[in-house]
Structures are given as structure tokens and as C-alpha cells.
Amino acid sequence: MADDRSDDTIGVGIIGAGNIGTAHTANLARSVSGSRVAAVFDVDADRAATVAGPVGARACSGDGGIDELLGTEGVDAVLIASPDAVHAEQVRSVLAAERPMLCEKPLAVTDHDARSIVDAEVGRGRRTIQVGFMRRFDPGYTALKRELGPDGIGEPLLVHQLHTNTRAPYGLFTEQTMTNMAIHELDIGRWLLDDEYESVLVLHGRPGPRTPEGEHDPILVILRSASGVLVQIEAFVNATFGYQVACRVAGADGQAAMGDGAFVTRSRSFNRGVDVPELWLGRFAESYRLQLQGWIDAIRTGAAPPGASAWDGYLATMVANRAIEAYHRGEEVAIEVPPRPALYDPID
Ligand code: ISE
């Protein structure tokens, strides 16, 4: 039960009962050991109740915002799965309430907000924020990363990343393509290469037929890393055929590619093919579960959060904003990465 303190499980308060909040709730309640869902907040009271009810959690809504959730007994940690625009403000409240948190990407929409979160965490002297870049836990991406380097394909020279969404349910805004969708690619590129970006250029061609006036889709985001690797991202939001993520790295001694994961290839009636998922929840189901398990285990053992840090979240947001600038200016824009605070030094 939500307020049963007789065990040592971590009680999680979920903020946001939409698609991803619902998926995280089910995972924490059923597939992640050492956790339970203590409370669920949503601005829509019915939605909060629908998600909280089946897992025996308290449903919170109403004028107090997330204060009721933060004040609920047994909320030891918080998972932020609300709309992007309110992440920064909620992260600050959870920091003030001194709870460890997993914040869905993006950490914040603006550089200024993301940086102020980093500064607040540094001021507290302890890492308590993890950002939901779940691909870092994906068996496909982790296998791809192992291929890079002297024992695999040699020095990486070029990275091609492909990312499609079936549709844009809340409207298509090119700036949002950067901060909500392509931001996964920006993060995974840095992580794969262990490198920072130095410049970004955004190209667009003829917009697809479902693109609103003044916006662009698909787009190409082209980055150059500090060590000289080119990273090219194809981001297509209204791709209609389904959800797809793929990555190919060309190295000095070979190439490594990662596609859709282990989907079944079906041969029938003189035809061979695979199903394409509609959404990311299926493609990345195992990554979401592993991400949550790692987060909960770290809280239980007092270890630092194992995934993307607030610093990684800040850099992803900062680079997405330089990409927005490059898109509007129609030219290559320099990316300046400030010195990393010692709090985020890698732990061996
Ligand atoms: C969505 O917002 C996500 O966060 C998914 O992880 C991503 O793959 C998708 O393209 C985004 O639209």
C-alpha cells in the first residue's frame, strides 16, 4: 500500500499521468524491484485517479500543484513526467523538498533554466537529479558503443542518426522538434562519442504536406564534435509510417549500425517484412525499465544517479537551443561548452 512503511522499498511520487507517466507508474509498480508508487499528481484529477487507483497510490491534483504530492507520506523520490514547459519549475520544487528525482527529458526548455538547475544542484553539493535519456540504457545503443574504439571499428569518423515519429499529436513546431525530439539524438551522440559538440548547422528542404506554414519537417541537424567527428541527424516528426530510430557509425576500421531492435521478420505470401511500432514506448520498453531499476537501486544504496546527470541535461538543452539559432539564422553556429563543475566528474 502507498503508506506502508514496513518495508524498505522506495516510494515514488509521479508528476504527470499522461502516456509516459502511466508507463513509468506501471513499470515501478510491477517490473522494478525495490519500488512502489506512493502518489500520482496530474492537473486533471480524473487522470490522476485513473493512474493512481490500480497501484494503490494517492491521487493528487488541484490548486496546490505538486505540493500535495511532495507532502504525501511515503514519497521518498519523485519522477517528473509532465509537459516539457513545466519541468524546470518542478525540478526546483523537488530540489527544495530534498528528494532524489528522475526528470523526463528535457531537463528544461531554455539554457537559462537548465543552467540554473545545475547551479542549484552544485550549490547543494550532491547529485540528486537524473534526466530521462533512457537510450543510455538501451541494449542496442550500449552494444553500439562497445563497437567503437580500438577493439572494434576504430576511431569514429561519422555518425548518421535517423529518428521518425508517426505524427505530431500536439502540433508541429520546428523549435520543439529540437528540444523535445532531436534532443535524444543530441544526447546519445555526445554519450556514444564521449565528446562535446563544437558547431551546429540545420538544413531543411521542401516541407512535407502535413507541415504547418512557417515550420519545417523533416530537417537535418549537422554537428561537428570537438575531435572532428561529423554527426548528422535526420529528424522527421510527421513521418506517418511509424516510429523509427537508427544509428550508423562509420569508423576508421569498419562501421557499426543499430536499427529497430529485435523485431520479428515475418515471411508470408511471397513477402518478407517487419512490423514498425507506432510509438517509442514499445521500441524502448526495456530501456525504460532498466533506467528505472538503475535509478531505484542507486537511491537504495546511496549511490549517485546512474544515468544522464543534470549537467548532461543542461548540455542537451543548450545544444538544442544553438540548433534553434542555427535553424533561424540559416548558418553554422558555434557551440561553447562551459567548464564542467567538479560535481559531475566521472566516477570510476
Ligand atoms: C517523444 O517526446 C519522446 O520523448 C520519445 O522518447 C522520442 O523518441 C519521441 O520522438 C519524442 O517525440
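Sequence order sets the numbering: in each chain, residues are counted from 1 along the sequence as written. Only residues with pLDDT of at least 70 are given local features in this predicted model, and only at 80 or more are side-chain atom pairs given and counted; all residues enter the totals for whole chains, interfaces and linings. Values shown for side chains rest on all heavy atoms present in the structure; no hydrogens or waters enter the calculation.

Enquirer: Mind laying out the sheet that holds strand β11 (residues 244-251), listing which residues take part and the relevant values?
Expert: Strands in a sheet are paired, the pairing made by backbone hydrogen bonds, and the direction either parallel or antiparallel. When DSSP finds two or more bridges between a pair of strands, those strands are recorded as paired. Put simply, DSSP marks the helices as runs of H or I at least four residues long and the strands as runs of E at least two long, and each gets a number from the N terminus on. Taken in spatial order, the seven strands of this open sheet run β12-β11-β7-β10-β9-β8-β15, and their pairing is mixed. Each edge of the open sheet is held by one strand with a lone partner, namely β12 (254-258) and β15 (333-334). Pairing geometry for strand β8 (residues 197-204) and β15, over two bridges, is antiparallel. Residue Val200 lies in a different strand from β15, and its bridge partner there is Val333. Sheet strands touched by helix α6 (residues 139-147): β11 and β12. Its angle to β12, the strand with the most contacts, is close to 175°. Working rule for contacts: check all heavy atoms of both residues, and any pair within 4.5 Å makes them a contact. Each axis is a line fitted through C-alpha atoms, taken for helices only over the stretch in contact, and angles between the N-to-C directions span 0 to 180 degrees. Contacts between helix α7 (residues 174-193) and the sheet are confined to β7 (156-164), β8, β9 (219-225), β10 (230-236) and β11, with β7 contributing the most and set at about 145° to the helix.

Enquirer: Run through the site of the ligand, naming residues and quoting values.
Expert: Whether a residue is near a molecule or strand depends on its heavy atoms: it is near if one of them lies within 4 Å of it. Every residue lining the ligand is accounted for by Lys105, Met134, His163, Asn165, Asn180, Met181, His184, Tyr243, Trp280 and Tyr288. Between the ligand and His163 there is a distance of 2.6 Å, counted from an oxygen atom to a side-chain nitrogen or oxygen. Throughout this description, a polar contact denotes any pair of N or O atoms lying within 3.5 Å of each other; where both atoms belong to protein, one of them has to be capable of donating a hydrogen while the other can accept it, and for residues adjacent in sequence the pair is counted only when both atoms sit in side chains. A distance of 2.8 Å separates an oxygen atom of the ligand from a polar atom in the side chain of Asn180. With the chains in place, 90% of the 300 Å² that the ligand exposes on its own is no longer accessible. Element by element, the count of residues in the shell around the ligand is highest for α7, at three residues. Broken down by class, the residue content of the shell around the ligand amounts to five nonpolar, four polar and one charged. Domain ranges listed in this record stem from an automatic or a database domain assignment. Shared between two domains, the shell around the ligand holds at least three residues of each, these being domain 1 (10-134 + 286-309) and domain 2 (136-283 + 314-344). All accessible-area figures derive from a Shrake-Rupley calculation using a 1.4 Å probe, and residue coverage is judged against the displayed protein chains alone. Lys, Arg, Asp and Glu make up the charged group, whereas Ala, Val, Leu, Ile, Met, Phe, Trp, Tyr, Cys and Pro make up the nonpolar group; the residues left over, Gly among them, are polar.

Enquirer: Now, about the pairing of β10: what can you tell me, with residues and values included?
Expert: Looking along a regular strand, one sees the side chains alternate between the two faces of the sheet. Burial of the side chains of β10 is restricted to one face: Val231, Ile233 and Ala235 are buried, whereas none of Leu230, Gln232, Glu234 and Phe236 on the reverse face is. Sheet analysis places β7 next to β10, joined by seven bridges and oriented parallel. Looking across to β10, one finds that Gln161 is bridged to Ile233. Across six bridges, β9 lies against β10 in antiparallel orientation. Across the sheet, the residue bridging to Ile222 is Gln232, located in β10. Hairpin connection from β9 to β10: four residues lie between these consecutive antiparallel strands, with Gly228 at a positive phi of about 95°. Here's how the labels work: a residue is buried when its accessible area is under 20% of the maximum for its type, exposed when over 50%, partly exposed in between, all with a 1.4 Å probe on protein chains only.

Enquirer: Which residues make up the side chain of Asp84, and what are the values?
Expert: Along the chain, Asp84 turns up in the loop between β4 (77-80) and α4 (87-96). In this structure Asp84 is buried but unpaired, with Lys105 as the nearest side chain of opposite charge at 5.2 Å. Polar side-chain contacts of Asp84 include one of 2.9 Å to the side chain of Asn180. Setting aside chain neighbours within four positions, we find Asp84 in contact with Lys105, Pro106, Val109 and Asn180. Under the counting rule used here, the positive set is Lys and Arg, the negative set is Asp and Glu, and His together with the chain ends is not counted. Put simply, a salt bridge is a Lys or Arg side-chain nitrogen that is within 4 Å of an Asp or Glu carboxyl oxygen.

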